[in-house]
Amino acid sequence: MAGKTRMVLIGGFLGAGKTTLINKIAQKIISEKRPIGIITNDQGQLLVDTEFIRVRGIDVEEVPGGCFCCNFPKLIENAERLISSVRPEYIIAEPVGSCTDLIATVALPLKKYYGETFSTAPLVVLIDGPKLRDNAFDKDTLGGYLRSHQAEEAEVLVLTKTDLLGEDDVSSLITKLKGMNPDAVIIKYSAVSGEGFGDIMKIITSDKVTGRKPVDVDYDKYADAEAELGWYNGVFLFDSPEYDAYDLSMAMLRDLAGKYSAKDIAHAKIALTSGSSHTKISLIGNEFTVGGVHGSRFGKGESQLNFNARIVSEPDALRNSIRETVKKVMGAKKIDYKMKFDDCFSPGRPNPTHRLK
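These remarks concern the structure in this document. It should be emphasised that the depicted structure is a prediction, and the values quoted were computed from it without experimental measurement.

Cut-off values and rules
- Residues numbered from 1 in each chain as written.
- Predicted model: local features only at pLDDT ≥ 70, side-chain atom pairs only at ≥ 80, totals over all residues.
- Heavy atoms only, no water.
- Helix = DSSP H or I, 4+ residues; strand = E, 2+ residues; numbered from the N terminus.
- Contact = heavy atoms within 4.5 Å.
- Axes fitted to C-alpha atoms, helices over the stretch in contact; angles between N-to-C directions.
- Left-handed = near helix turned anticlockwise from the far one by under 90°.
- Nonpolar A, V, L, I, M, F, W, Y, C, P; charged D, E, K, R; others polar.
- Patch = residues over 30% accessible without salt bridge, like charges linked within 9 Å, V, L, I, M, F, W, Y side chains within 5 Å.
- Areas by Shrake-Rupley, 256 points an atom, 1.4 Å probe, with all protein chains shown as cover.
- Salt bridge = Lys/Arg side-chain N within 4 Å of Asp/Glu carboxyl O.
- Buried < 20%, exposed > 50% of the residue type's maximum accessible area, 1.4 Å probe, protein only.
- Phe/Tyr/Trp six-rings, centres within 6.5 Å; stacked < 30°, edge-to-face > 60°.
- Lys NZ or Arg CZ within 6 Å of the ring centre and 35° of its normal.
- Pairing = 2+ DSSP bridges.
- Right-handed = clockwise from strand over helix to strand, strands pointing away.
- Polar contact = N/O pair within 3.5 Å; in protein donor to acceptor, adjacent residues only side chain to side chain.
- 1 Å grid on protein atoms, 1.4 Å probe; cavity = no way out; pocket = protein on both sides within 12 Å on 5 of 7 lines; lining within 4 Å.
- Points joined across faces, edges and corners; volume = space filled by probe spheres on them.
- Core = buried A, V, L, I, M, F, W, Y, C linked by side-chain atoms within 4.5 Å.

Points about the environment of valine 96
Stage number 1. Position of valine 96 among the secondary structure elements: in the loop between strand S4 (90-93) and helix H4 (102-113).
Stage number 2. For the pair valine 96 and asparagine 78, spaced 18 residues apart in sequence, the C-alpha to C-alpha distance is 16 Å.
Stage number 3. Setting aside residues up to four positions removed in sequence, valine 96 forms contacts with Asn41, Asp42, Gln43, Gly66, Cys67 and Trp231.

Take a look at the structure:
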């Protein structure tokens, strides 16, 4: 492994907690005076998560416009850029939340074609504990099929949000995961208490490399599961003497939540950035979480609002819903704004650069 950069893929469905965990991993490694780089990934452009990581002083690159598997050369290009600029000991790569088949299309190509440059860690997949409890992994549904395949191909399964579950629930869910994937290492993890974080770090900093064989996937179902979601990314600019970033974000997410069934909201995120602050707040189903506050809770002056949403919806309808939400809330707050960019679409069929067996 000497001289190689440790490449760690951390997957899992939308809202499982990937970005929050990755930020915590990065801060831990930085605190030990070791260099690290992050590569984010999305079907669209201008990601809340990229900005969330960047404002914390972490070196981050982005692969937009499709998953790592379909943009493998761009993944390598960005990894090599990080190696040239910061010589990271570790690169953490966060695939699109709706991406699966990562062993065949990313881990094995890294190992086969770039084994001299990278030590590719075992594939880590985050499993949303409450979603697993609530049957969101039911293979009879499109989303459930995709989530299940992510769990089945993982080499390390991280059961997240255990602080929201009772001990009996955690025990039964671990049994369920063992039934889905008997060979995986299973780690219980809570971002609140920190339980399991040390075990995750041991995997990341070990010299173990990916060795899993690909798990068969039905690409028709996979494509249909991705296309079920509308993917919205928008950026809005405004100038205000002072505003409560938490209150503004929550007002928008609550308004959006009122327009959809909780089961159809895979993930919606808002980041507000000004010269004095950066906040990120998320909505998953009907649950709101504060991803992080950097600086003051109160923003002022020239500001940017990044709005990402992944919701079961026809794209034009989703775009109109979010535009209406922004207009309504900004109007109520008496804040003038302009839209810099927005786009909404359903992802096309996955077309991997490589697929090895």
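Examining the packing of helix H6 (residues 142-153) against helix H9 (residues 219-227)
Stage number 1. Taken N-terminus to C-terminus, the directions of H6 and H9 make an angle of 115 degrees; their axes are 8 Å apart at the nearest point. For the pair H6 and H9, the sense of crossing is left-handed. Where H6 approaches H9, its residues Leu142, Gly143, Tyr145 and Leu146 are matched on the opposing element by Lys221, Tyr222, Asp224, Ala225 and Glu226.
Stage number 2. Tallied by class, residues from the contact of H6 with H9 come to 5 nonpolar, 1 polar and 3 charged.

Concerning a nonpolar patch on the surface
Stage number 1. Together, Tyr246, Val290 and Val293 make up an exposed nonpolar region whose accessible area comes to about 250 Å².
Stage number 2. Along the polypeptide, tyrosine 246 turns up in helix H10 (residues 245-257).

Concerning the pattern of salt bridges
Opposite charge on two side chains makes pairing possible when the charged atoms of those side chains draw close.
Stage number 1. Enumeration according to the criterion identifies 21 salt bridges in this entry.
Stage number 2. Of the charged contacts, one joins arginine 355 and aspartate 101 as a salt bridge, the two residues approaching to 2.5 Å between their closest N and O atoms. Residue arginine 355 is located in the segment after strand S14 (337-345), and its partner aspartate 101 is located in the loop between S4 and H4; the two are separated by 254 residues in the primary sequence.
Stage number 3. Taking relative accessible area as the criterion, arginine 355 reaches 32% and is therefore assigned partly exposed.
Stage number 4. Using a relative accessible area of 0% as the deciding quantity, one classes aspartate 101 as buried.
Stage number 5. With a closest N to O distance of 2.4 Å, lysine 333 and aspartate 247 form a salt bridge.

Regarding the packing of aromatic side chains
To describe a pair of aromatic rings, one takes the distance between the centres and the angle between the planes.
Stage number 1. Tallied over the entire structure, the rule returns 5 aromatic pairs.
Stage number 2. When the ring of phenylalanine 238 is compared with that of tyrosine 243, the centres are 5.1 Å apart and the planes differ by 65 degrees; the resulting orientation is edge-to-face.
Stage number 3. You can call phenylalanine 238 buried: its relative accessible area is 5%.
Stage number 4. Its guanidinium or amino end placed over the ring of phenylalanine 197, lysine 24 lies 4.8 Å from that ring's centre, counting from NZ or CZ.
Stage number 5. Stacked on the ring of phenylalanine 288, the Lys or Arg arginine 254 has its end atom at 5.8 Å from the ring centre.

Considering the pairing of strand S8 (residues 185-188)
Stage number 1. Across 4 bridges, strand S7 (residues 156-160) lies against S8 in parallel orientation. Of the residues in S8, the one forming a bridge with leucine 159 is lysine 188.
Stage number 2. In this region the chain leaves S7, passes through helix H7 (residues 167-180) and returns to the parallel neighbour S8; the handedness of that crossover is right-handed.

Side note on unusual backbone geometry
Stage number 1. A positive phi is found at lysine 33, a non-glycine position, where the angle reads about 65 degrees.
Stage number 2. Looking at the secondary structure, you find lysine 33 in the loop between helix H1 (18-31) and strand S2 (36-41).

Topic: the side chain of aspartate 255
Stage number 1. With respect to the secondary-structure elements, aspartate 255 resides in helix H10.
Stage number 2. Under the relative-accessibility criterion, aspartate 255 is labelled buried at 14%.
Stage number 3. At 2.8 Å, the side chain of aspartate 255 and the side chain of lysine 328 are in polar contact.
Stage number 4. The residues touching aspartate 255, leaving out its near neighbours within four places in the chain, are Thr325 and Lys328.

Observations regarding empty space enclosed by the protein
Stage number 1. Following the criterion strictly, the structure yields 1 cavity of 30 Å³ or more and no others.
Stage number 2. The calculated volume of the largest cavity comes to roughly 80 Å³.
Stage number 3. The wall of the largest cavity is formed by Phe13, Leu14, Ala16, Leu126, Ile127, Asp128, Lys131, Phe137, Arg147, Gln150, Ala266 and Ile284.
Stage number 4. Among the elements of the structure, strand S6 (124-128) and H6 are those that each provide at least two residues to the lining of the largest cavity.
Stage number 5. The class makeup of the residues in the lining of the largest cavity is 8 nonpolar, 1 polar and 3 charged.

Concerning the nonpolar core
Nonpolar side chains tend toward joint burial in soluble globular proteins.
Stage number 1. Core analysis: the biggest nonpolar cluster contains 53 residues, and Val106 and Ile127 have the highest contact counts within it.
Stage number 2. Discounting chain neighbours no more than four positions away, the residues touching isoleucine 127 are Leu132, Phe137, Ala151, Leu157, Val158, Leu159, Thr160 and Leu177.

Let's talk about the environment of phenylalanine 307
Stage number 1. With respect to the helices and strands, phenylalanine 307 occurs in strand S13 (residues 298-312).
Stage number 2. When the C-alpha positions of phenylalanine 307 and lysine 269 are compared, they lie 5.9 Å apart, and in sequence the two are 38 residues distant.
Stage number 3. Non-local contacts of phenylalanine 307, meaning those with residues more than four positions away in its chain, are made with Val48, Tyr232, Asn233, Gly234, Phe236, Met252, Leu253, Leu256, Lys269, Ile270, Ile322 and Val326.

Notes on the sheet that holds strand S10 (residues 265-273)
Stage number 1. Pairing within the open sheet is antiparallel, and its 6 strands lie in the order S12-S11-S10-S13-S9-S14. Across the chains shown, the open sheet's two edge strands, defined by having one partner strand only, are strand S12 (287-295) and S14. Direction aside, the axes of adjacent strands within the sheet are offset by 15 degrees on average.
Stage number 2. With 6 bridges connecting them, S10 and strand S11 (residues 277-284) associate as antiparallel partners.

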